[in-house]
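As a plain string of letters, each chain reads:
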Amino acid sequence: MDKYSRRLLKFDPENTGYISTEKFRNLLQRYGSELDPHKLEVLLALADNNSEGKICYQDFVNLMSNKRSNSFRQAILQGNRRLCSKALLEETGLSLSQRLIRHVAYETLPREIDRKWYYDSYTCCPPPWFMIAITIVEVAFFLYNGVVLDRFVLQVTHPLYLKNSLLYHPQLRAQAWRYLTYIFMHAGIEHLGLNVVLQLVVGVPLEMVHGAARIGFVYIAGVLAGSLAVSIADMTAPVVGSSGGVYALVSAHLANIVMNWSGMKCQFKLLRVAVALICMSFEFGRAVWLRFYPSAYPPCPHPSFVAHLGGVAVGITLGVVILRNYEQRLQDQSLWWIFSSMYVVFVLFAIFWNIFAYSLLDLKLPPPP
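Here the residue numbering is sequential within each chain, running from 1 through the sequence in written order. Only residues with pLDDT of at least 70 are given local features in this predicted model, and only at 80 or more are side-chain atom pairs given and counted; all residues enter the totals for whole chains, interfaces and linings. Where side-chain values are given, they derive from all heavy atoms of the structure, hydrogens and water being excluded.

Helix and strand labels come from DSSP, where a helix needs a run of H or I of at least four residues and a strand needs a run of E of at least two; each type is numbered from the N terminus. A tally of regular secondary structure across the protein chain gives 16 helices and 2 strands. We call a residue buried when its accessible area falls under 20% of the maximum for its residue type, exposed when it is over 50%, and partly exposed in between, using a 1.4 Å probe and counting protein chains only. Of all 369 residues assigned to the protein chain, the portion counted as buried reaches 52%. Counted over contacts in the protein chain with a minimum sequence separation of 6, partners at least 24 positions apart contribute 74%. Just so you have it, the protein chain exposes about 17800 Å², and 65% of that area is on carbon and sulfur atoms. Pairs of residues are marked as contacts when any of their non-hydrogen atoms sit within 4.5 Å. Surface accessibility follows the Shrake-Rupley procedure with a 1.4 Å probe radius. Residue values consider only the protein chains on display as shielding.

Looking now at the UniProt feature "transmembrane region" (unreviewed entry) in the protein chain. UniProt positions are given in the numbering used here, feature names are shortened, and annotations may be inferred rather than shown by experiment. Taking the numbering used here, the UniProt-annotated feature "transmembrane region" (unreviewed entry) corresponds to residues 129–147, 179–204, 216–233, 239–258, 270–293, 305–323 and 335–361. For residues 335–361, the end-to-end C-alpha separation is 36 Å, with 100% helix and 0% strand making up the annotated structure.

What follows concerns the side chain of His253. Examined against the element boundaries, His253 turns out to sit in helix H13 (residues 243–259). Look at His253 and you get buried, because its relative accessible area is 12%. Not counting chain neighbours up to four residues away, the residues in contact with His253 comprise Glu107, Thr108, Val202, Leu206 and Leu323.

Our next topic: the environment of Phe282. Inspection of the secondary structure assignment puts Phe282 in helix H14 (residues 269–292). Exposure remark for Phe282: the relative accessible area of 59% places this residue in the exposed category. Measuring from C-alpha to C-alpha, the distance between Phe282 and Leu194 comes to 9.5 Å, with 88 residues separating the pair along the chain.

On to the pattern of salt bridges, then. Here a salt bridge means any side-chain nitrogen of Lys or Arg lying within 4 Å of a carboxyl oxygen belonging to Asp or Glu. Applying the stated criterion across every chain, the model contains 3 salt bridges. A salt bridge links Glu283 to Arg286, with the nearest nitrogen and oxygen atoms 3.0 Å apart. Taken together, the residues span about one helical turn, with Glu283 and Arg286 both in helix H14 at a distance of 3 residues. Here Glu283 and Arg286 have matching classes, each one buried.

In this description, an aromatic ring pair is defined by two values, namely the gap between the centres and the angle between the planes. The pairing test for Phe, Tyr and Trp rings, Trp by its six-membered ring, is centres within 6.5 Å, and the orientation test on the planes gives stacked under 30 degrees, edge-to-face over 60, and tilted for anything in between. Applying the stated criterion across every chain yields a total of 12 aromatic pairs. The interplanar angle of 55 degrees and the centroid separation of 5.7 Å between the aromatic rings of Phe217 and Trp336 together place this pair among those described as tilted. Residue Phe217 is found in helix H12 (residues 212–233), and its partner Trp336 is found in helix H16 (residues 334–361); the two are separated by 119 residues along the sequence. Ring plane angle 40 degrees and centroid distance 5.8 Å describe the contact between Phe349 and Trp353, whose orientation is recorded as tilted.

In this section: helix H8 (residues 129–149). Helix span, as expected, comes to 1.5 Å for every residue beyond the first. Its 21 residues place the ends of H8 30 Å apart at the C-alpha level, agreeing with the 30 Å of an ideal helix rising 1.5 Å per residue. Taken residue by residue, H8 has Phe130, Met131, Ile134, Thr135, Glu138, Phe142, Asn145, Gly146 and Leu149 as its buried positions. Take H8 and look down its axis: the buried residues cluster within an arc of 130 degrees, on one side only. Away from its buried face by more than 90 degrees, H8 exposes Ile136, Tyr144, Val147 and Val148. After H8 finishes, the residue Asp150 shows a positive phi value of roughly 55 degrees. Note: the arc covers the axis-to-C-beta directions of the helix.

So, on to the nonpolar core. Residues belong to a common nonpolar core when they are buried Ala, Val, Leu, Ile, Met, Phe, Trp, Tyr or Cys residues joined through side-chain atoms within 4.5 Å. Counting residues in hydrophobic clusters, the biggest one holds 78 residues, and the most contacted among them are Tyr118, Tyr161 and Tyr219. The leading source of residues in this core is H12, at 9 residues. With near-sequence residues (within four places) excluded, Tyr219 lies in contact with Phe130, Met131, Ile134, Glu138, Ile183, Gln199, Ser242, Gly245, Val246 and Leu249.

Values of pLDDT, ranging from 0 to 100, describe the predictor's confidence in every residue of the model. Scored by pLDDT, the protein chain comes out at a mean of 83, with 79% of its residues at no less than 70. The lowest-confidence element of the protein chain is helix H5 (residues 70–77), averaging 51 in pLDDT; the highest-confidence one is helix H9 (residues 178–181), averaging 97. In the predicted structure, residues 78–84 sits below a pLDDT of 50 and forms 11 contacts with residues beyond four places in sequence or in another chain.

Time to look at helix H10 (residues 189–201). An α-helix turns once every 3.6 residues. As a result, residues three or four positions apart point the same way. An ideal rise of 1.5 Å per residue puts 18 Å on 13 residues; H10 measures up with 18 Å between its terminal C-alpha atoms. For H10, the complete set of buried residues consists of His191, Leu192, Leu194, Asn195, Val196, Leu198 and Gln199. Tucked inside the fold, the buried residues of H10 contact H8, helix H11 (203–210), H12, H13 and H14.

As structure tokens, then:
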């Protein structure tokens, strides 16, 4: 228990778990100089806007440990007290690292109170390791395949490309790891390049704000949804590339910007949204063209483009819920349970589809590689 918690307990001798807002405000006025200015501002907003006349001790503990409950956030956002200090953008004398953190806050968070909260609490420990690690592994596998196949552009047209044990192939769909490991195989440097740029430019800032667990979940959920969508909607095609995960992250981020348009303060946001949509459309168009381009090794077609759509579906459902609830418990959000249930139902349906539908439909699948 820290010194602030011990002081707070003195105002609750009966251990009810609450203290009056008047006593709480007196405590802040007496010891507020020892707190971060932005954190003190949030506490004062909580005291001023609490209609019940009391403060929950656990809310205070959550704040001091950088964990805000949903009720704590609502107590501030539903009140009529405005944040009195100047905006984070107006602060001067910041170091390079502080300016970077402030930039990330304005790139990803729509509320000033959340931006200040993130700015005060971010420590770069741990760093955004997930997106960087995934990118390094993808590039490493691509370079390895390029050396082995002696081809870096349109590797997918090489006759030995499909023999790799990582990509998804409809004849080998019983090998469950392929539904995830296909992200380490790309059609060529043109495919890899755009995916890597998007997942670093969008994914790393999102991971810095929301953490590796949440962003990693969205990414992997998009990857799995992509391969399962292909196994249902494009049953004869293989799948390669990380587009399912990339499109899940980018779609969630763009949807969050559009839904919070007035609150997002990133520069040139209309232009940047337009550029992101153009890049996504270009990559999707390339995938559609390649899918219907005559295959170099008939009767097996080129990789499917449906994985992109599976990623988008995850991004605008699960992804948006995660990005809209910065530092909030997802299990407290009804939309989280709705979209999670929908995702689980989709996965279960896809599993049964892969077990029974292929034989019932009597499809003519391409031969195994």
